[in-house]
Amino acid sequence: MSCPLVQINDKVLVTPLAQESYTVEGRITEINPLIDQRGMVQIKAVIPNTENRFLEGMNVSVRVQRLLGKRLVIPKSALVLRSNRKVVFTLENNKAMWVYVQTAQENSDSYVVTEGLNPGDSIIYEGNFNLSHESPVLLKP
């Protein structure tokens, strides 16, 4: 069984909440195909516990990592909403150019852009909240 977001053998990073500087890598070994009343699916993963830092019932943070192939990825700070549409400002000839974008997957700090940007575009990801189309921009050294 596989689901669109996770698959058997996807990598997981597990960190105890009480010790955020310690993380171990494991793999998803099982995905229960039943969806509970909250829309959740149970997933099992195996991690090494060679240092005995994990105890039964311990609270942990789990991040699932999956390689998606080549994608155009931008930091979340680069995207702003204008009239309820996703906008990224590119830099062209020292001016901020407003570009509508479409996004797909995201994680805690990045978006995958599927439309609107091209590889190599210079994007503005700081100080972009109050920009408008064709605003003059000064680059910080």
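Keep in mind that what you see is a predicted model, and the values were worked out from it rather than measured. (Residues numbered from 1 in each chain as written. Predicted model: local features only at pLDDT ≥ 70, side-chain atom pairs only at ≥ 80, totals over all residues. Heavy atoms only, no water.)

A.B. asks: I'd love a proper account of the pattern of salt bridges, names of residues and values included.
C.D. replies: All chains considered together, the criterion is met by 5 salt bridges. A salt bridge links Arg38 to Asp36; the nearest nitrogen and oxygen atoms lie 3.2 Å apart. Judged by its relative accessible area of 65%, Arg38 falls in the exposed class. Residue classification places Asp36 among the partly exposed residues on the basis of a relative accessible area of 27%. Linked through salt bridges whose partners overlap, the residues forming this network are Lys11, Glu25 and Arg27. (Salt bridge = Lys/Arg side-chain N within 4 Å of Asp/Glu carboxyl O. Buried < 20%, exposed > 50% of the residue type's maximum accessible area, 1.4 Å probe, protein only.)

A.B. asks: Which residues make up the sheet that holds strand β9 (residues 102-106), and what are the values?
C.D. replies: The strands that make up a sheet pair up through hydrogen bonds in the backbone, lying either parallel or antiparallel. If you walk across this open sheet you meet the 3 strands as β5-β10-β9, and the pairing is antiparallel. The sheet is open, and its two edges are formed by β5 (72-75) and β9, each paired on a single side. The mean inter-strand angle of the sheet, taken between neighbouring strand axes irrespective of direction, is 40 degrees. (Pairing = 2+ DSSP bridges. Helix = DSSP H or I, 4+ residues; strand = E, 2+ residues; numbered from the N terminus. Axes fitted to C-alpha atoms, helices over the stretch in contact; angles between N-to-C directions.)

A.B. asks: Could you give an account of the sheet that holds strand β2 (residues 24-35), with specific residues and numbers?
C.D. replies: The antiparallel open sheet is built from 4 strands, whose spatial order is β3-β2-β1-β4. Each end of this open sheet is capped by a strand with a single partner; those strands are β3 (41-46) and β4 (60-65). Across the sheet, the axes of successive neighbouring strands diverge by a mean angle of 40 degrees, strand direction being ignored.

A.B. asks: Tell me about the layout of surface pockets, and name the residues and values.
C.D. replies: Space inside the largest pocket adds up to approximately 680 Å³. If you trace the largest pocket, you find 20 residues lining it, with Val64, Gln65, Arg66, Glu106 and Asn107 closest to the centre. Of all the secondary-structure elements, those providing two or more residues to the lining of the largest pocket are β4, β9 and β10 (110-115). Broken down by element, the residue count for the lining of the largest pocket peaks at 4 residues, all from β4. Of the residues in the lining of the largest pocket, the class split is 10 nonpolar, 6 polar and 4 charged. In this structure, the second largest pocket occupies an estimated 360 Å³ of space. Leu91, Ser122, Ile123, Ile124, Tyr125, Glu126, Gly127, Leu131, Val137, Leu138, Leu139 and Lys140 together form the lining of the second largest pocket. (1 Å grid on protein atoms, 1.4 Å probe; cavity = no way out; pocket = protein on both sides within 12 Å on 5 of 7 lines; lining within 4 Å. Points joined across faces, edges and corners; volume = space filled by probe spheres on them. Nonpolar A, V, L, I, M, F, W, Y, C, P; charged D, E, K, R; others polar.)

A.B. asks: Can you explain the environment of Phe54? Please cite residues and give values.
C.D. replies: Tracing the chain through its elements places Phe54 in the loop between β3 and β4. The exposure class assigned to Phe54 is buried, which follows from its relative accessible area of 13%. Through-space distance from the C-alpha of Phe54 to that of Pro16 is 7.4 Å; in sequence the pair is 38 residues apart. In this structure Phe54 touches Val14, Pro16, Tyr22, Val24, Ile47, Pro48, Asn49 and Val60, once residues within four positions along its chain are discounted. (Contact = heavy atoms within 4.5 Å.)

A.B. asks: Account for a nonpolar patch on the surface, with residues named and values stated.
C.D. replies: Taken together, the side chains of Leu55, Met58, Val60, Val62 and Val64 present a nonpolar region at the surface, about 400 Å² in accessible area. Val64 gets classed as partly exposed once you look at its relative accessible area, which sits at 39%. (Patch = residues over 30% accessible without salt bridge, like charges linked within 9 Å, V, L, I, M, F, W, Y side chains within 5 Å. Areas by Shrake-Rupley, 256 points an atom, 1.4 Å probe, with all protein chains shown as cover.)

Worth remembering: the numbers are spatial, not functional.
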